[in-house]
Every structure is written in C-alpha cells, then in structure tokens.
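# Reading the structure
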Amino acid sequence: MPESVTAPQTKTKTKPKVERPKLYKVILVNDDFTPREFVVRVLKAEFRMSEDQAAKVMMTAHQRGVCVVAVFTRDVAETKATRATDAGRAKGYPLLFTTEPEE
Ligand code: TYC
C-alpha cells in the first residue's frame, strides 16, 4: 500500500480511560481552647504552609468558625486531617480537622 493511502477512520473519539479523582477539602474548625500558636505549628507541619499562610488560615477559622485548609484526593485528605487532629489530642487540645467532598 502506498504511504499516502490509509485505512478508513472508523472511530473518531475514544472516551478517556482515566477519570479525575474526586477531591476533598480539609477543613479547620475553631474552638475556644487550642492556643493560636499551636494551630499555626500544626498547619505548618502537616500541610507544609509558611508561617504567613498558616497564620491567615488559623485567623480565618478563629473569626469565622471554619476555614478550608487545602484540597486533596480522599485518602490524602483523610490521612492529613486525622494526623493533624491527633497532634492536638496528644497535647490535650480539642483541635479538629474534618474533610468534605468538593461540589
Ligand atoms: N480560638 C482559639 C483561641 O482563641 C485559636 C484557634 C484558632 C483554635 C483556630 C482552633 O481552628 C482553630 N485560642
């Protein structure tokens, strides 16, 4: 077959085989007992935030009740939320991180 002759195209579009994984928000919940500096320390350690980023997220939760920390796949979001919550519990603080699916 000459190079210019090609077989007829029978399929125009193929459904992508991979789907984007659903994403989950990690949410920081305010409380009246956990020290501000401790919240900032946990945000920096578990979510690799700068001092400035962590302070802003902490203050947003402090003033509004909750703040979205970051968005991850489900496993990563749940693991980080659990680790961050456990860091507070280890010090006797009621610090709470929850997860919630993105719309
Ligand atoms: N409200 C706490 C205080 O005044 C600080 C704090 C901020 C705690 C955010 C939790 O998610 C939180 N010491």
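These lines cover the structure that appears in this document, whether it is placed above or below. (Residues numbered from 1 in each chain as written. Predicted model: local features only at pLDDT ≥ 70, side-chain atom pairs only at ≥ 80, totals over all residues. Heavy atoms only, no water.)

## Things to note about the site of the ligand
The immediate surroundings of the ligand are formed by Leu 28, Val 29, Asn 30, Asp 31, Thr 34, Arg 36, Val 39, Met 58, Ala 61 and His 62. Between Val 29 and the ligand, the recorded distance is 2.8 Å, taken from a backbone N or O atom to an oxygen atom. One of the backbone nitrogen or oxygen atoms of Thr 34 is found 2.9 Å away from a nitrogen atom of the ligand. Across the complex, the protein chains shield 88% of the 340 Å² of accessible surface that the ligand would expose by itself. (Near = heavy atom within 4 Å. Polar contact = N/O pair within 3.5 Å; in protein donor to acceptor, adjacent residues only side chain to side chain. Areas by Shrake-Rupley, 256 points an atom, 1.4 Å probe, with all protein chains shown as cover.)

## Some thoughts on the packing of aromatic side chains
The tally for this structure, following the rule as stated, stands at 3 aromatic pairs. Among the aromatic residues, ring-to-ring pairing joins Phe 47, Phe 72 and Phe 97 into one connected group. (Phe/Tyr/Trp six-rings, centres within 6.5 Å; stacked < 30°, edge-to-face > 60°.)

## Some points on the packing of helix α1 (residues 36–47) against helix α2 (residues 51–64)
One can describe the packing of α1 onto α2 by two numbers: an axis separation of 9 Å at closest approach and a directional angle of 125°. Here α1 is positioned oblique relative to α2, judged by the angle of their axes. As α1 runs across α2, the sense of the crossing is right-handed. Contact residues: Arg 36, Val 39, Val 40, Leu 43 and Lys 44 in α1; Glu 51, Ala 54, Ala 55, Val 57, Met 58, Met 59 and His 62 in α2. When its residues are assigned to classes, the contact of α1 with α2 shows 8 nonpolar, 1 polar and 3 charged. (Axes fitted to C-alpha atoms, helices over the stretch in contact; angles between N-to-C directions. Helix = DSSP H or I, 4+ residues; strand = E, 2+ residues; numbered from the N terminus. Parallel < 35°, antiparallel > 145°, perpendicular 65-115°, else oblique. Left-handed = near helix turned anticlockwise from the far one by under 90°. Contact = heavy atoms within 4.5 Å. Nonpolar A, V, L, I, M, F, W, Y, C, P; charged D, E, K, R; others polar.)

## Details of the pattern of salt bridges
Tallying each qualifying case throughout the model produces 6 salt bridges. A salt bridge links Glu 100 to Lys 25, with the nearest nitrogen and oxygen atoms 3.1 Å apart. One end of the pair, Glu 100, is in strand β3 (residues 96–101); the other, Lys 25, is in strand β1 (residues 23–29), and 75 residues separate them in sequence. Because the salt bridges share partners, they merge into one network encompassing Lys 25, Glu 100 and Glu 103. (Salt bridge = Lys/Arg side-chain N within 4 Å of Asp/Glu carboxyl O.)

## Quick notes on the environment of Val 26
For Val 26, the position within the fold is in strand β1. According to the relative accessible area criterion, Val 26 is buried, its value standing at 0%. Val 26 sits 52 residues away from Glu 78 along the chain, and the two C-alpha atoms are 7.8 Å apart. (Buried < 20%, exposed > 50% of the residue type's maximum accessible area, 1.4 Å probe, protein only.)

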